[in-house]
Structure formats: structure tokens, C-alpha cells
Amino acid sequence: MTSEHTEKLHSTARALVAPPRGILAADESPGTMSQRLEKVGVEPTPEARRDYREMLLTTPGLSESVSGIILADETFNQELSDGRTVPQACADAGVLPGIKVDTGAKPLAFAPGETITEGLDGLRERMQDYASRGAAFAKWRAALKLDASLPTDRAIHVNAHALARYAALCQEAGVVPIVEPEVLMDGDHALERCEEVTSGVLEKVFAELAAQGVDPAGIVLKPNMVVAGLGFSDQPEASEVAAATVRVLTQRVPESVPGIAFLSGGQAAEVATRHLKAIAAESTPWGITFSFGRALVDGALRAWAGDPDKWKDGQTALDDRVRANSEVLKR
Ligand code: 13P
């Protein structure tokens, strides 16, 4: 890579995680987005999915709290109602456009309950195309199910390998990879079990990234916070979540990584913000920010619910959440 190419990756990665801004994850696949629209009574057409994303993207003042927005391929290729392309609308809004390039988590052979995230076939060509149309960064999510005996070493290994192959292809195309190894929150496990598994997963991910020549200064890591399972009866304090999360990250993440942007993973919106606040209060070598999906948009989707007269209500709900999260990043 030329030094210009490398410097562009580094500066984009730094811009994505520079406090007090975070990343809005609005990249639900058409299938997932359709389910969410149906839940609030909206017929899930491509136009309805576009309208919902347009509502989010045109929220006034979005760029004060949001550095980038992750989009699904369908959205990236759509036009807003005023005819602008979505990457153009992102540029106008002052946020960087990102693209989810994995094609989803599929059952892993001979591994009941576990998945492998797919999408590497043809990825070089797709990355070049997205880059030529303005994508500044990309995302790939590996999902690891946690219980008493999962994840298996094999599921961790194949997912880490795929994440690293994806990240290398992104950097080759001049696009910053968001590397997202998510240890799922489902279950009734204690925080300690999540800490142990998250540590093992991140160790493997960084070993694979190094083995495949990925420049750690040109990525953004998007991990889960270290939390107890959603079904665990005695939920830990935010201070315990923060201490365990920073302990694991300090152990596993190279200091050259510019920033860590957490997913929300099914935490209630206020809980995710409380945890983010406690983590951001710790001293760390990397930038700390949010890359939440549900914890930012759930309220906006409910408030809008497909009603053109409630467009502003949806935007206000989004604005409240992005500002609340941005606020806790300010020191
Ligand atoms: P959640 O914050 O809803 O977990 O979504 C983040 C994301 O991008 C999942 O891939």
C-alpha cells in the first residue's frame, strides 16, 4: 500500500471514532428490516424501507453526534425521495457512508447452533464498486453463540479467519473495515463467562488479522460489551461491566487500533448508554464510542411507524438517543 493509501485508511478510522461522535448502525438486511416494520404495522416494501432510512438520515443536526452511518446494500443503491443517491445524502448530512458487506450468518456444518458469516465470494470486486461509489467504511459481523459449551474453537476460528479476509480486502480497496466479532447476549450466563469467551474470541481475531496482513491502525473494532446474559437474574452494575470490558480489551487489543465502537446487542437503550458512559470514563489507549443499532433506532421506528405526519417525531426520538450517547463521551 502506498503511504497515501495507508494515511487515508488511518484518518478515516480516526474520524469514525473521534469523540463525541459515534456510528449509527442502520444496516438491517431487507428481511430483518421487514420484520421490524411489520411489528410497527408498516407494510414492508422497498419504498417503506427507504422512507424509514431517509427519515433517519435527514434528522437535523445528525452529524453533531454521528460520524458515520452503516447501510445495507439495498439502501446504498436507493435514491431518496428528492432524487439524491444515498451516498450523496450522507455527504450532504456530514456523515460518512458505510456498507455492510457480509451476507449473513449461516449454519456452520457439523456445529449445531453455531454460525459462520458468509460473503467473501466476489468481495474484492464488490469492495471496489462500493469504494468507487463513495463508501468510506464497511462492516462484517460474526455472531458467536454463548452457552455452557459454546462457542466451539472451530466456530471462533472460522469466523475470525473470515473477518480477517474481509478486513484485508477492505483495506486493499481503501475502505476502513469495521471488525465486528459479537459474542451474543442471549442466555442466563454470568458476566465472568462472557469475559472469558470475549477474551478468547478477541485473541483469535487479532491473531488472524495479523496473520493476514491487516493494518490495525486502519480498522475500527466493534465488539460486544462484557455483560451478563439477558436472562441472568442478578445483572451487574455498570461499573462492573466497564471494568470487565476494559480489562479484556486491554489484554487483547493492540494500542495501535484507533478506536472501539460498541454494539448494543439487545440491551435496552438506556442501559447501553449507562454502560457506555462507565466504559468511556475509564482510561484507554483507543477512542471509545458507540455503533449501536437497536439502542438508537428502536424508539424512532416506533414513533414514526410509517406515518408521514410522525416523521419529525421519529427524528426527535433518534436525536434524543444519539445525543444521549454522544453526551457521555464528552469529558
Ligand atoms: P445492535 O446495536 O442492535 O446490536 O446492532 C449493531 C449492529 O451493527 C449489529 O451488527
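The structure this text deals with has already been given above.
Predicted, not measured: the structure shown is a model, and the values here were computed from it.

*Asks:* Hey, could you go over the overall build of the protein chain for me, with residue numbers and the actual values?
*Replies:* Counting its regular elements, the protein chain contains 12 helices and 10 strands. Rg of the C-alpha trace for the protein chain: 19 Å, near the compact-globule value of 20 Å for 331 residues, within the 12% margin. Reported as C-alpha extents along the three principal axes, the dimensions of the protein chain are approximately 50 × 50 × 45 Å. Per-residue burial for the protein chain yields a buried fraction of 56% across its 331 residues. Summarising the internal contacts of the protein chain: among those between residues at least 6 apart in sequence, 79% fall at separations of at least 24. Considering the protein chain, the positive charge centre built from 34 side chains and the negative charge centre built from 47 side chains are found 1 Å apart.

*Asks:* I'd like a description of the packing of helix α8 (residues 191–211) against helix α9 (residues 238–252), backed by residues and values.
*Replies:* Helix packing for two helices is described by the angle between their axes and how far apart those axes are. It is the contact of α8 with α9, at a shortest axis distance of 9 Å, that shows an interaxial angle of 25°. Our classification of the angle between α8 and α9 gives roughly parallel. When you trace α8 past α9, the crossing you get is right-handed. Note on element contacts: α9 touches α8 through Glu240, Val241, Ala244, Arg247, Val248, Leu249, Gln251 and Arg252, opposite Leu191, Glu195, Thr198, Ser199, Leu202, Glu203 and Phe206. Taken together, the residues of the contact of α8 with α9 break down into 7 nonpolar, 3 polar and 5 charged.

*Asks:* Mind laying out the site of the ligand, listing which residues take part and the relevant values?
*Replies:* Every residue close to the ligand is listed here: Ala25, Lys139, Arg141, Glu180, Lys222, Leu263, Ser264, Gly265, Ser291, Phe292, Gly293 and Arg294. Within the side chain of Lys222, one N or O atom sits 2.6 Å away from an oxygen atom of the ligand. Contacts to the ligand include Ser264, whose side-chain N or O atom sits 2.5 Å from an oxygen atom. Alone, the ligand offers 300 Å² of accessible surface; in the complex the protein occludes 91% of this. For the shell around the ligand, a count of residues per class yields 3 nonpolar, 4 polar and 5 charged.

*Asks:* Outline a negative patch on the surface, supporting the account with residue identities and numerical values.
*Replies:* Together, Glu192, Asp234, Glu237 and Glu240 make up a negatively charged patch on the protein surface. With respect to the helices and strands, the residue Glu192 is situated in helix α8. Classification of Glu192 by relative accessible area gives exposed; the value is 54%.

*Asks:* Hey, could you go over the packing of aromatic side chains for me, with residue numbers and the actual values?
*Replies:* For the structure on display, the rule yields 4 aromatic pairs. Geometrically, the ring pair formed by Phe290 and Phe292 is tilted, given 5.8 Å between the ring centres and 40° between the ring planes. Comparing Phe290 with Phe292, the two get one shared label, buried.

*Asks:* Mind laying out the nonpolar core, listing which residues take part and the relevant values?
*Replies:* Core analysis: the largest hydrophobic core is formed by 110 residues, its most contacted members being Val101, Tyr166, Leu209, Phe262, Leu276, Phe292 and Leu318. Among the elements that take part in this core, helix α7 (residues 153–172) stands out by supplying 10 residues, more than any other. Leave out the neighbours within four places in its chain, and Val101 touches Gly119, Leu123, Arg126, Met127, Tyr130, Ala138, Lys139, Trp140 and Tyr166.

*Asks:* Outline the pattern of salt bridges, supporting the account with residue identities and numerical values.
*Replies:* Following the criterion strictly, the structure yields 24 salt bridges and no others. Here Lys139 and Asp27 are joined by a salt bridge, their closest N and O atoms 2.7 Å apart. With a gap of 112 residues between them, Lys139 in strand β6 (residues 137–144) and Asp27 in the loop between β1 (22–26) and α2 (30–39) connect regions that are remote in the sequence. Classification of Lys139 by relative accessible area gives buried; the value is 7%.

*Asks:* Please set out the pairing of strand β2 (residues 66–71) residue by residue, giving values where relevant.
*Replies:* Taking burial as the measure, the 6 residues of β2 include 6 buried ones, the bulk of the element. Sheet topology note: the β2/strand β3 (residues 96–100) ladder contains 4 bridges and is parallel. Each bridged residue has a counterpart across the sheet, and for Gly68 the counterpart in β3 is Leu96.

Calculation criteria
Residues numbered from 1 in each chain as written. Predicted model: local features only at pLDDT ≥ 70, side-chain atom pairs only at ≥ 80, totals over all residues. Heavy atoms only, no water. Helix = DSSP H or I, 4+ residues; strand = E, 2+ residues; numbered from the N terminus. Rg over C-alpha atoms; globule rule 2.2 N^0.38 Å. Buried < 20%, exposed > 50% of the residue type's maximum accessible area, 1.4 Å probe, protein only. Contact = heavy atoms within 4.5 Å. Lys, Arg positive; Asp, Glu negative; His and termini not counted. Charge placed at Lys NZ, Arg CZ, Asp CG, Glu CD. Axes fitted to C-alpha atoms, helices over the stretch in contact; angles between N-to-C directions. Parallel < 35°, antiparallel > 145°, perpendicular 65-115°, else oblique. Left-handed = near helix turned anticlockwise from the far one by under 90°. Nonpolar A, V, L, I, M, F, W, Y, C, P; charged D, E, K, R; others polar. Near = heavy atom within 4 Å. Polar contact = N/O pair within 3.5 Å; in protein donor to acceptor, adjacent residues only side chain to side chain. Areas by Shrake-Rupley, 256 points an atom, 1.4 Å probe, with all protein chains shown as cover. Patch = residues over 30% accessible without salt bridge, like charges linked within 9 Å, V, L, I, M, F, W, Y side chains within 5 Å. Salt bridge = Lys/Arg side-chain N within 4 Å of Asp/Glu carboxyl O. Phe/Tyr/Trp six-rings, centres within 6.5 Å; stacked < 30°, edge-to-face > 60°. Core = buried A, V, L, I, M, F, W, Y, C linked by side-chain atoms within 4.5 Å. Pairing = 2+ DSSP bridges.

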